[in-house]
Amino acid sequence: MEQRRFGRLGWPVSSLGYGMWGLANWSDTDPDEVLRALDAAVADGVTFFDTAWGYGRGTSERLLGQLVRAHPSRRLYAATKIPPKNMQWPSRPEYALDDCFPPTHIREFAEKSLTNLGLTRVDLLQFHVWEDGWARDERWQRAMDDLKREGLIEAVGVSVNRWEPTNCLATLRTGLVDAVQVIYNVFDQAPEDELFGVCADLGVAVIARVPFDEGSLAGQLRADSTFPEGDFRRIYFGPENLGPTVARVEALQRDVPDDMTLPELALRFCISDPRVATVIPGMRRAAHVQANVTAVERGPLDARTAERVRGHRWDRRPTAWSL
Ligand SMILES: NC(=O)c1ccc[n+]([C@@H]2O[C@H](COP(=O)([O-])OP(=O)(O)OC[C@H]3O[C@@H](n4cnc5c(N)ncnc54)[C@H](OP(=O)(O)O)[C@@H]3O)[C@@H](O)[C@H]2O)c1
């Protein structure tokens, strides 16, 4: 598995990381298959794992802690996230830092996550939502610095709200953020416009999340797809988004080279940009882990295919359903 440099931190992380949201509470999850998938990932060289307290209120974190302890000889990087105090995803410009990340809340959930993980230190602690208007507020800066000085965390990250890739630039320029997590895929190419360049200049690591647009770019969606109550995809692939997405996937399918599958094309698109340190698909099945490992081992897309794929860019703005 290719190792990439995790920004100025220099950590050698696998270009294929692991997204641990779906395995916590998406419908039709098989817990035994999830354990097989996680072990298969470690066996195949995956070293970066992204979880959050908000993924099943600690369920996903406990699974990651278990995995790290089960593989003491491997250097596995654990990244988790502090939920906003008001439990609102995404954040809004009118929210004050106190609504989302007052210092006491940062401390409280850092400790909750360490307990769930059963680890003495988290490698990367991220804010699960963010507003660039909070950039200069020294209270979050001090709170994170205290956690670093006490050795409870190694690094600080920001998870940018869906379809707002620049809603963090002033924050990155404080020099106090080591990594940014952003939606980047065949449809959502906008992070290339400005964010990736700023990250490269500042040595901020880029984590590409949602490489499969919640499954559509993995060929999992049809015009009659439905999802049960409580499954995020029921909201995301609601009537406003399902039809347009299926149509765009069908158009993209026509540009998938014969020797490639759609999920392979989607994943290789994400690692074609060398400024991406790791891409973190959600995976609950060992077969998907194996397929994705094989895909990234085939490397970046060739220039002609990458250019054709670029034509499928789809710029979107936040909506009521785009959590
Ligand atoms: N605000 C935030 O910070 C935020 C928001 C969203 C996501 N994230 C992070 O990003 C990660 C990835 O995003 P996501 O899980 O929401 O969506 P995603 O990675 O775009 O899509 C996940 C879907 O793709 C399917 N899949 C994966 N590999 C496949 C393959 N080879 N063939 C066919 N289907 C495949 C998965 O199926 P199975 O599950 O059945 O394997 C799952 O249904 C999350 O897990 C989380 O870590 C963070």
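Look up: the structure comes first, before these words.
Along every chain, residues carry numbers that run from 1 in the direction the sequence is written. Local features in this predicted model are restricted to residues whose pLDDT is 70 or higher, and side-chain atom pairs enter the listing and the counts only when it is 80 or higher, whereas totals over whole chains, interfaces and linings include all residues. Water and hydrogen atoms play no part in the side-chain values, which are based on all heavy atoms of the structure.

Chemist: Would you take a moment to explain the site of the ligand for this structure?
Modeler: Distances are taken per atom, and a residue is near a molecule or strand as soon as one of its heavy atoms is within 4 Å of it. As a matter of local geometry, the ligand sits amid 30 residues, with Ser 159, Glu 214, Arg 284, Arg 285 and His 288 nearest to it. Between the ligand and Asn 292 there is a distance of 2.9 Å, counted from a nitrogen atom to a side-chain nitrogen or oxygen. To measure how exposed things are, a 1.4 Å probe is used in the Shrake-Rupley method; for residues, cover is taken only from the protein chains shown. Summarising the interface, the protein chains cover 95% of the accessible area of the ligand, which totals 900 Å² for the free molecule. Helix and strand labels come from DSSP, where a helix needs a run of H or I of at least four residues and a strand needs a run of E of at least two; each type is numbered from the N terminus. For the shell around the ligand, the element with the most residues is helix 12 (residues 286-297), which contributes three residues. Only Asp, Glu, Lys and Arg are considered charged in this grouping, and only Ala, Val, Leu, Ile, Met, Phe, Trp, Tyr, Cys and Pro are considered nonpolar; every other residue, Gly among them, is considered polar. Looking at the shell around the ligand, its residues break down into 13 nonpolar, nine polar and eight charged. We define a polar contact as two N or O atoms separated by no more than 3.5 Å, with the added condition that, inside protein, one atom must be a possible hydrogen donor and the other a possible acceptor, whereas residues neighbouring each other in sequence contribute only through side-chain atom pairs.

Chemist: Would you explain the pairing of strand 2 (residues 11-14) in this entry?
Modeler: Looking along a regular strand, one sees side chains alternate from face to face of the sheet. DSSP calls a pair of strands paired once it identifies at least 2 bridges connecting them. When strand 1 (residues 3-6) meets strand 2, the two strands line up antiparallel, connected through four bridges. Note that in strand 2 the partner of Arg 5 across the bridge is Pro 12.

Chemist: What is the right way to look at the side chain of Asn 161 in this model?
Modeler: Following the sequence through the fold, Asn 161 ends up in the loop between strand 7 (153-159) and helix 7 (169-172). Within the structure, the side chain of Asn 161 is placed 2.9 Å from the side chain of Ser 91, a separation counted as a polar contact. Among residues more than four places away in sequence, those in contact with Asn 161 are Pro 90, Ser 91, Val 129, Trp 130, Glu 131, Asn 167 and Arg 209. Any two residues having at least one pair of non-hydrogen atoms within 4.5 Å are treated as being in contact.

Chemist: So what exactly am I meant to see when it comes to helix 12 here?
Modeler: The α-helix winds at 3.6 residues per turn, so residues separated by three or four positions along the chain end up facing the same way. Under the 1.5 Å per step criterion, the end-to-end length of helix 12 is 17 Å for 12 residues, consistent within 8% with the ideal 16 Å. Residues of helix 12 that are buried in the fold lie against strand 3 (18-19), helix 2 (31-43) and helix 11 (262-271). Immediately downstream of helix 12, the backbone of Gly 299 shows phi near 85°, a positive value. For a helix, the expected span equals 1.5 Å multiplied by the number of residues minus one.

Chemist: Would you mind showing me how to read the packing of helix 2 against helix 12 here?
Modeler: Axis definition: a line fitted to C-alpha atoms, limited for helices to the stretch in contact. Angles are taken between N-to-C directions and run from 0 to 180 degrees. As a packed pair, helix 2 and helix 12 sit with axes 8 Å apart at the nearest point and diverge in direction by 25°. With respect to helix 12, the axis of helix 2 lies roughly parallel. Mapping the contact onto sequence places Glu 33, Arg 36, Ala 37, Ala 40 and Ala 41 in helix 2 and Ala 286, Ala 287, Val 289 and Gln 290 in helix 12. Angular relationships are summarised with four words: roughly parallel below 35 degrees, roughly antiparallel beyond 145, roughly perpendicular across 65 to 115, and oblique for the angles in between.

Chemist: Quick question: what am I supposed to make of the packing of aromatic side chains here?
Modeler: Two aromatic rings are characterised by how far apart their centres lie and by the angle between their planes. In summary, the pairing rule links any two rings of Phe, Tyr or Trp, Trp by its six-membered ring, whose centres are within 6.5 Å, and it sorts them by plane angle into stacked for under 30 degrees, edge-to-face for over 60 and tilted for everything else. Per the counting criterion, the structure on display carries 24 aromatic pairs. Measuring from ring centre to ring centre gives 5.3 Å for Phe 187 and Trp 314, while their planes differ by 85°; the resulting arrangement is edge-to-face. Taken together, the residues span a long stretch of sequence, with Phe 187 in the loop between strand 8 (179-183) and helix 8 (195-202) and Trp 314 in the segment after helix 13 (303-310) at a distance of 127 residues. Side by side, Phe 187 and Trp 314 carry an identical accessibility label, which is buried. Three or more aromatic residues joined by ring pairs form one cluster here, namely Trp 21, Trp 26, Tyr 55, Trp 163, Phe 227, Phe 232, Tyr 236, Phe 237 and Trp 321. Two limits define a charge over a ring: the Lys NZ or Arg CZ must be within 6 Å of the ring centre, and within 35 degrees of the ring normal. One residue, Lys 112, lies across the ring of Phe 109, its end atom 5.4 Å from the ring centre. Here the guanidinium or amino end of Arg 316 rests over the ring plane of Trp 314, the centre of that ring lying 4.0 Å away. The cut-offs for exposure are 20% and 50% of the maximum accessible area for each residue type, with area from a 1.4 Å probe on protein chains only; residues under the lower value are buried, those over the upper are exposed, and the others partly exposed.

Chemist: Would you take a moment to explain the nonpolar core for this structure?
Modeler: Note that soluble globular proteins tend to have their nonpolar side chains buried in a common cluster. Judged by nonpolar contacts, the single largest core of 86 residues is most densely connected at Tyr 18, Phe 49, Phe 101, Phe 127, Met 144 and Leu 172. The leading source of residues in this core is helix 11, at seven residues. Here Leu 172 is in contact with Val 177, Val 180, Leu 195, Val 198, Cys 199, Leu 202 and Val 204, once residues within four sequence places are set aside. Counting residues in each nonpolar core, the second largest holds 13 residues, with Trp 11, Ala 179, Ile 207 and Ile 280 among its members. Take the buried Ala, Val, Leu, Ile, Met, Phe, Trp, Tyr and Cys residues and link them wherever side-chain atoms come within 4.5 Å; each set so joined is a nonpolar core.

Chemist: Where do I start with the environment of Ser 216 in this structure?
Modeler: Among the structural elements, Ser 216 can be located in the loop between strand 9 (205-209) and helix 9 (232-236). Taking the C-alpha atoms as reference, Ser 216 lies 7.4 Å from Val 246; in sequence the two are 30 residues apart. Look past the residues within four positions of Ser 216 in its chain and what remains in contact with it is Phe 187, Leu 221, Phe 237, Thr 245, Val 249 and Leu 262.

Chemist: Help me understand the pairing of strand 7, please; the structure alone is not making it clear to me.
Modeler: Extensive coverage of strand 7 is indicated by the burial of six of its seven residues. Relative to strand 7, strand 6 (residues 122-127) is paired through five bridges, and the arrangement is parallel. Paired with Leu 124 across the two strands is Ala 155, which belongs to strand 7. Note on handedness: a crossover is taken as right-handed if, strands pointing away from the viewer, the path from the first strand over the helix to the second is clockwise. In this region the chain leaves strand 6, passes through helix 6 (residues 138-149) and returns to the parallel neighbour strand 7; the handedness of that crossover is right-handed. Two strands pair when backbone bridges link them, and strand 7 and strand 8 are joined in this way by three bridges, in the parallel orientation. Bridge pairing in strand 8 places Ser 159 opposite Gln 181.

From the geometry alone we can't say anything about function, so treat these as descriptive.
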